[in-house]
Amino acid sequence: MKEINIPYIILSAAMTIDGKIATKKGDSELSNKADWKEVHKLRTEVDAIMVGKGTILKDNPKLHIKYYNHRGYYRIVLDSHLTIPLDSNVISFRQEIYPTIICTTENVPLNKLKKYEDKGVKIIQAGDGKRVNLIKTLTILKDFGINSILLEGGGNLNWSFIEYNLIDEIRLTIAPWIVGGKEATSLVEGIGFEKISTAPKFELFDVKVRIYYITLRYKRKQ
Ligand SMILES: NC(=O)c1ccc[n+]([C@@H]2O[C@H](COP(=O)([O-])OP(=O)(O)OC[C@H]3O[C@@H](n4cnc5c(N)ncnc54)[C@H](OP(=O)(O)O)[C@@H]3O)[C@@H](O)[C@H]2O)c1
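(A) The overall build of the protein chain, seen in detail. A count of helical and extended segments in the protein chain gives 6 helices and 9 strands. At 17 Å, the protein chain has a C-alpha radius of gyration in line with the 17 Å of a compact globule built from 222 residues. For the protein chain, buried positions account for 34% of its 222 residues. Partitioning the contacts of the protein chain with sequence separation of at least 6, the portion at a separation of at least 24 is 74%.

Next up, the structure:
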């Protein structure tokens, strides 16, 4: 599925020993300072960071860089009905360094788009389905000059990428907790594959062990 001309995608996440990226209440404070530093380093190496609407609503992240000097990058949010609050940190925090792109559908009325554009947000409309058309979005982003994206979840957006086998690389930190709960968000949500043989396969190329934490890096298996 990677013959299409789309950006290089690196999935980055911290998960518990039992594969959750947040508790059932949405608490996702899994990384320690050393882990954050590595994630921020990775952010300096890409053209954009992408998250789903759920992550904006739960965490209200700034998606900025601490610890390093940097020229900035795009922050991209997938939000099919354009509902994230206009005072979300991705909109109000430092757009001059981290310009924000919201990818939505063609169903959103112009007057709604304008409210976000007036805040300096660039809007991309991809598809007229219930959800943002991911392939269309990625093709538009590539044409726009975005060659690499750090995908920072959450679980539902991760599934859409996995479903179409769009992940080139994974950086995954295993944090020392088990939180349980079927309502807790897993690294990858969605309906899942029925057979292992049809699921995307990855090749482990780096393992870093720190006190309590392990970071694994994988590449797509061709
Ligand atoms: N530990 C970590 O590393 C980490 C990282 C990130 C997030 N998280 C946690 O993950 C949780 C959020 O995960 P989540 O699964 O609820 O939300 P999510 O994956 O961030 O966002 C999913 C939403 O994005 C929108 N979307 C638009 N187009 C989509 C598409 N093509 N495919 C999939 N989604 C699309 C959908 O809402 P519409 O249909 O309304 O557009 C969908 O419900 C939070 O608790 C957060 O703290 C943890």
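(B) Representation of the site of the ligand. In the vicinity of the ligand, 30 residues are found, and the nearest of them are Gly-52, Gly-54, Ser-80, Gly-153 and Gly-154. The set of elements that each furnish at least two residues to the shell around the ligand consists of strand E1 (8-15), strand E2 (48-52), helix H2 (53-59) and helix H6 (155-163). Sort the elements by how many residues they give to the shell around the ligand and H2 lands first, with 5 residues. Looking at side-chain class alone, the shell around the ligand contains 10 nonpolar, 13 polar and 7 charged residues.

(C) Spotlight on the sheet that holds strand E4 (residues 100-104). Strands sit in the order E5-E4-E3-E2-E6-E1-E7-E9-E8 across an open sheet of 9 strands; the sheet is mixed. One side of each edge strand has no neighbouring strand; the edge strands of this open sheet are strand E5 (122-125) and strand E8 (202-209). Averaged over all pairs of adjacent strands, the angle between their axes in this sheet comes to 20°, without regard to strand direction. Pairing geometry for E1 and strand E6 (residues 148-151), over 4 bridges, is parallel. Within the sheet, the bridge partner assigned to Tyr-8 lies in E6 and is Ser-148. Against the sheet, helix H1 (residues 33-43) engages E1, E2, E6, strand E7 (169-174) and strand E9 (214-220), with an angle of about 170° to E1.

(D) Local environment of H6. Residues of H6 that are buried include every one of Gly-155, Leu-157, Asn-158, Phe-161 and Ile-162, and no others. Within H6, the buried residues cover an arc of 160° as seen down the axis, which keeps them to one side. At its buried positions, H6 is contacted by E1, E2, strand E3 (74-78) and E6. Trailing H6 by a residue or two, Asn-165 shows a phi angle of about 55°, which is positive.

(E) Region of interest: unusual backbone geometry. Of note, the bond from Gly-153 into Gly-154 is cis; its omega dihedral lies within 30 degrees of zero at 0°. With respect to the element layout, Gly-154 can be found in the loop between E6 and H6. Positioned with a positive phi, Leu-82 is a non-glycine residue whose angle comes to about 55°. The topology assignment puts Leu-82 in the loop between E3 and helix H3 (89-92). Here Leu-82 falls in the buried class, since 21 other C-beta atoms lie within 10 Å of it. The phi torsion at Asn-165 lies on the positive side, around 55°, for a residue other than glycine. As for its position among the elements, Asn-165 is in the loop between H6 and E7.

(F) Just the environment of Leu-113, in detail. As for its position among the elements, Leu-113 is in helix H4 (residues 110-117). Judged by C-beta crowding, with 16 C-beta atoms within 10 Å, Leu-113 ranks as partly exposed. Spatially, the C-alpha atom of Leu-113 lies 29 Å from that of Glu-163, the residues being 50 residues apart in sequence. The contact partners of Leu-113, leaving out residues within four places of it in the chain, are Leu-82, Val-108 and Ile-123.

(G) Geometry of the nonpolar core. Ala-48 and Ile-49 are the most contacted members of the largest nonpolar core, which has 49 residues in total. No other element matches the 6 residues that E1 contributes to this core.

(H) Representation of the pairing of E4 within the structure. For E4, the buried fraction is high: 5 of the 5 residues fall into the buried class. Bridge count between E4 and E5: 4 bridges; the pairing is parallel. The partner of Thr-104 across the bridge, within E5, is Gln-125. Between E4 and its parallel partner E5, the chain crosses via H4, and the hand of that crossover is right-handed.

Conventions we followed
Residues numbered from 1 in each chain as written. Predicted model: local features only at pLDDT ≥ 70, side-chain atom pairs only at ≥ 80, totals over all residues. Helix = DSSP H or I, 4+ residues; strand = E, 2+ residues; numbered from the N terminus. Rg over C-alpha atoms; globule rule 2.2 N^0.38 Å. Buried ≥ 20, exposed ≤ 12 C-beta atoms within 10 Å, placed from the backbone. Contact = placed C-beta atoms within 7 Å. Near = placed C-beta within 6 Å. Nonpolar A, V, L, I, M, F, W, Y, C, P; charged D, E, K, R; others polar. Pairing = 2+ DSSP bridges. Axes fitted to C-alpha atoms, helices over the stretch in contact; angles between N-to-C directions. Arc of directions from axis to C-beta. Core = buried A, V, L, I, M, F, W, Y, C linked by C-beta atoms within 7 Å. Right-handed = clockwise from strand over helix to strand, strands pointing away.

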